[in-house]
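Per-entry structural report
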Amino acid sequence: MGKPTGFLEYQRLSEAYAPVEQRLKHYKEFVDHLSDEDAAKQGARCMDCGIPFCNNGCPVNNIIPDWNDLVYRGNWKEAIEVLHSTNNFPDFTGRICPAPCEAACTLNINTEAVGIKSIEHAIIDKAWENGWVTAQPAAAKTGKKVAVVGSGPAGLAAAQQLARVGHDVTVFEKSSRIGGLLRYGIPDFKLDKSTIDRRVAQLEAEGVTFRTKVCVGVKPGVTGINDDAVEVVSAEQLKSEFDAVILAAGSEVPRDLPVPGRELAGVHFALEFLIPQNKEVAGDDKNPISATGKNVIVIGGGDTGSDCVGTSNRHGAKSVTQFEVMPEPPKEENRPLTWPYWPIKLRTSSSHEEGCTREFAVSTKEFIGENGKVKGLKTVELEWKDGKPTEVPGSERELPADLVLFAMGFTNPVASLLEAFGVDKDGRGNAKATTDGDGCYATNVPKVFAAGDVRRGQSLVVWAIREGRQAAREVDTFLMGSSVLPR
């Protein structure tokens with residue numbers, strides 16, 4: 001694949017970012033996709049490795065060597081056809097996926113991996129620019145009706161696959177706009193929402209019906225979860241009106257930190273800050289939480305924490321500090337030990353580069369208040385031994401904090417949704433459904449399926465797309481006895 005000697009001739013080339021001082025002034029995307037020439041060189045680096053570990057490193061099993069080779073040879077239209085054969089939404093993954101495929105790249109054993117994500121980004125952008133992404137409505141209707149609960153990547157992928165084989169699909173979403181956490185959890189500077197809008201238009205042209213501001217089951221009533229619903233539809237109504245139901249509502253319940261002072265004003269879940277910000281950028285409601293001129297503490301070192309950092313800096317925060325309870329990982333992974341698996345190593349995001357103090361092995365003990373508002377917090381350093389933390393004596397300290405954001409992940413889907421359908425839960429509170437053998441993605445409730453984070457727990461957008469696609473095949477088989485959809 002690619003050029004036989006390309007990996008020896010060309011270096012990995014990263015996408016260009018706009019300067020920090022420019023991008024902090026707005027919420028628009030600031031990453032430029034590779035030029036045709038640079039993308040071709042990156043495609044040329046894809047070596048004829050024999051076993052493409054990248055293919056299995058990718059949860060949707062993208063046929064990566066093939067489209068790398070096609071880009072190298074300038075066959076862009078065929079490249080998007082190959083890319084779309086396994087991935088409904090490379091516009092999303094090409095922007096926000098952490099690229100486990102690159103960790104599995106054979107070149108990554110002892111040098112820099114092929115820039116797979118950047119090539120994917122270039123392919124899909126060129127496809128849209130040239131009008132190659134079009135609706136693919138079914139040639140004939142089956143007369144079967146499917147309800148999809150949740151419009152995140154799992155729900156959208158399932159809806160598109162099922163509509164393309166002729167089923168009448170209705171997607172129910174409790175928010176005012178389609179997209180789930182793609183829409184409301186990820187800032188516009190990482191994922192411009194026009195990328196979602198054009199996909200929604202494509203799905204509508206393929207026959208998918210979207211019903212927004214509709215809550216299925218019982219309104220969640222959980223802090224940190226967006227709910228614009230003005231209508232409630234019962235689980236029994238869906239089961240009676242539709243031939244199959246797919247639960248794809250995500251894992252939305254945020255992890256809390258119940259320490260003294262938790263009740264103080266200014267202590268929030270991350271999505272209490274990020275969701276209103278995305279609504280404000282979209283021209284909806286103004287964000288009631290401001291980081292302007294404040295000392296911001298972000299608790300949690302993952303992607304959501306990074307999004308809080310980038311948004312706080314755009315607000316004009318006085319300072320931004322990010323805590324991580326785990327010890328600082330190494331700057332470089334032990335490749336002979338970890339390849340081709342996803343390695344633990346220090347990852348610095350574009351938001352970190354915009355201004356942030358990062359602290360590791362830190363635990364928050366208490367929030368300090370004044371007149372009911374948070375003004376600081378007390379921390380202690382941790383020492384990790386045999387996977388267990390112990391507090392370091394004498395390491396307690398106080399830091400100023402006017403705004404504290406919890407970005408410690410999500411524990412499980414909203415329990416009331418699963419309970420409304422009578423769906424069994426696993427030990428973590430997720431919908432219980434297997435991905436092996438007969439009846440994949442089927443719950444204990446007849447004709448009710450579950451896919452994405454609602455089933456597997458919080459995960460990546462690419463895993464959500466995979467599960468949505470696979471669940472669609474299982475539902476199609478359930479309805480028709482067999483399926484032509486890919487597994």
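See the structure above.
Residues numbered from 1 in each chain as written. Predicted model: local features only at pLDDT ≥ 70, side-chain atom pairs only at ≥ 80, totals over all residues. Heavy atoms only, no water.

**So, the overall build of the protein chain**
Secondary structure assignment for the protein chain yields 20 helices and 20 strands. Its C-alpha radius of gyration of 23 Å places the protein chain within 12% of the 23 Å reference for a compact globule of 487 residues. Seen through its C-alpha atoms, the protein chain measures out along the principal axes to roughly 65 × 60 × 45 Å. Residue burial in the protein chain is summarised as follows: out of 487 residues, 54% are buried. When contacts within the protein chain are restricted to residue pairs at least 6 apart in sequence, those whose partners lie at least 24 apart make up 68%. Total accessible area computed for the protein chain in this model is approximately 20,700 Å², and 50% of it derives from carbon and sulfur atoms. Averaging the positions of the 56 positive and the 66 negative side-chain charges in the protein chain gives two centres separated by 1 Å. (Helix = DSSP H or I, 4+ residues; strand = E, 2+ residues; numbered from the N terminus. Rg over C-alpha atoms; globule rule 2.2 N^0.38 Å. Buried < 20%, exposed > 50% of the residue type's maximum accessible area, 1.4 Å probe, protein only. Contact = heavy atoms within 4.5 Å. Areas by Shrake-Rupley, 256 points an atom, 1.4 Å probe, with all protein chains shown as cover. Lys, Arg positive; Asp, Glu negative; His and termini not counted. Charge placed at Lys NZ, Arg CZ, Asp CG, Glu CD.)

**Looking at the sheet that holds strand β11 (residues 295–299)**
An order of β10-β18-β11-β12-β13 is seen for the five strands of this open sheet, with the pairing classed as parallel. Looking at strand neighbours, the two that pair on one side only are β10 (267–269) and β13 (357–360), the edges of this open sheet. Taken over all neighbouring pairs, the strand axes of this sheet differ in orientation by 20° on average, direction set aside. Inspection of the sheet shows β10 paired to strand β18 (residues 403–406) by three bridges, in the parallel sense. Pairing of F269 across the sheet is with F406, part of β18. (Pairing = 2+ DSSP bridges. Axes fitted to C-alpha atoms, helices over the stretch in contact; angles between N-to-C directions.)

**Remarks on the environment of P98**
Relative to the helices and strands, P98 resides in the loop between α7 (90–96) and α8 (100–104). When its relative accessible area of 31% is taken as the criterion, P98 is described as partly exposed. Each C-alpha atom, one on P98 and one on D303, is 9.6 Å from the other, the two residues being 205 residues apart in sequence. Those residues in contact with P98 that lie beyond four places of it in its chain are W342 and L460.

**With respect to the packing of helix α14 (residues 270–281) against helix α15 (residues 303–315)**
With their axes 10 Å apart at the nearest point, α14 and α15 run at an angle of 55° to one another. Judged by the inter-axis angle, α14 sits oblique to α15. Crossing angle aside, the handedness with which α14 passes α15 is left-handed. Taking contact as the criterion, the partners of A270, F273, L274 and Q277 in α14 are, on α15, T304, D307, C308, T311, S312 and H315. (Parallel < 35°, antiparallel > 145°, perpendicular 65-115°, else oblique. Left-handed = near helix turned anticlockwise from the far one by under 90°.)

**Some words on the side chain of E359**
Secondary-structure assignment places E359 in strand β13. When neighbours within four sequence positions are excluded, E359 is seen to be in contact with T321, Q322, F323, E324, R397 and L399.

**Structural notes on helix α9 (residues 116–129)**
Between the first and last C-alpha of α9 there are 20 Å, a value that for 14 residues agrees with the 20 Å anticipated at 1.5 Å per step. In terms of burial, α9 is largely enclosed, as eleven of its 14 residues are buried. Restricting attention to buried positions, one finds in α9 the residues I116, S118, I119, E120, H121, A122, I123, I124, D125, K126 and A127. Remark: G131 follows α9 within two positions and exhibits a positive phi of approximately 70°. (Expected span 1.5 Å × (residues − 1).)

**Quick word on the nonpolar core**
Among the nonpolar cores identified, the biggest contains 69 residues, and W67, I123 and I246 are the most heavily contacted of them. Looking at this core element by element, the count peaks at eight residues for helix α20 (residues 461–480). Once residues lying within four places of it in the same chain are set aside, the contact partners of I246 are V146, A147, V148, V149, A158, L162, F449 and V475. (Core = buried A, V, L, I, M, F, W, Y, C linked by side-chain atoms within 4.5 Å.)

**A word on the pairing of strand β3 (residues 145–149)**
Most of β3 sits inside the fold, with four of its five residues counted as buried. One ladder, built from five bridges, connects β3 with strand β4 (residues 168–173); its direction is parallel. What sits directly across from V146, in β4, is V169. Handedness of the β3-helix α10 (residues 153–164)-β4 crossover: right-handed. Note: β3 against strand β8 (residues 244–247), four bridges, orientation parallel. From the neighbouring strand, V149 faces β8, where its bridge partner is L247. (Right-handed = clockwise from strand over helix to strand, strands pointing away.)

**Focus: the packing of helix α6 (residues 76–84) against α9**
The N-to-C vectors of α6 and α9 enclose an angle of 110°; their axes lie 9 Å apart at closest approach. Considered as vectors, α6 and α9 are oriented roughly perpendicular to each other. For the pair α6 and α9, the crossing hand works out as left-handed. Here W76, A79, I80, L83 and H84 of α6 lie close against α9, whose contacting residues are E120, A122, I123, I124, K126 and A127. Split into classes, the residues belonging to the contact of α6 with α9 amount to eight nonpolar, one polar and two charged. (Nonpolar A, V, L, I, M, F, W, Y, C, P; charged D, E, K, R; others polar.)

**What to know about the sheet that holds β8**
Pairing within the open sheet is parallel, and its five strands lie in the order β5-β4-β3-β8-β20. In this open sheet, the two edge strands, each paired with only one partner strand, are β5 (209–212) and β20 (448–450). Direction aside, the axes of adjacent strands within the sheet are offset by 20° on average. Of the pairings in the sheet, the one linking β8 to β20 comprises three bridges and is parallel in character. Each bridged residue has a counterpart across the sheet, and for I246 the counterpart in β20 is F449. Each of β3, β4, β5 and β8 touches α10; the most contacted strand, β4, lies at about 165° to it. α20 contacts β3, β8 and β20 of the sheet and is inclined by roughly 165° relative to β8.

**Some thoughts on unusual backbone geometry**
Backbone torsion omega between W339 and P340 reads 5°, so that peptide bond is classified as cis. Structurally, the position occupied by P340 is in the loop between α16 (335–338) and α17 (350–353). Notably, A99 is not glycine yet its phi reads approximately 65°, a positive angle. Checked against the element boundaries, A99 lands in the loop between α7 and α8. Positive phi, close to 55°, is recorded for A361, a residue that is not glycine. Assignment of secondary structure puts A361 in the loop between β13 and β14 (362–370). Its relative accessible area of 11% is what places A361 among the buried residues.

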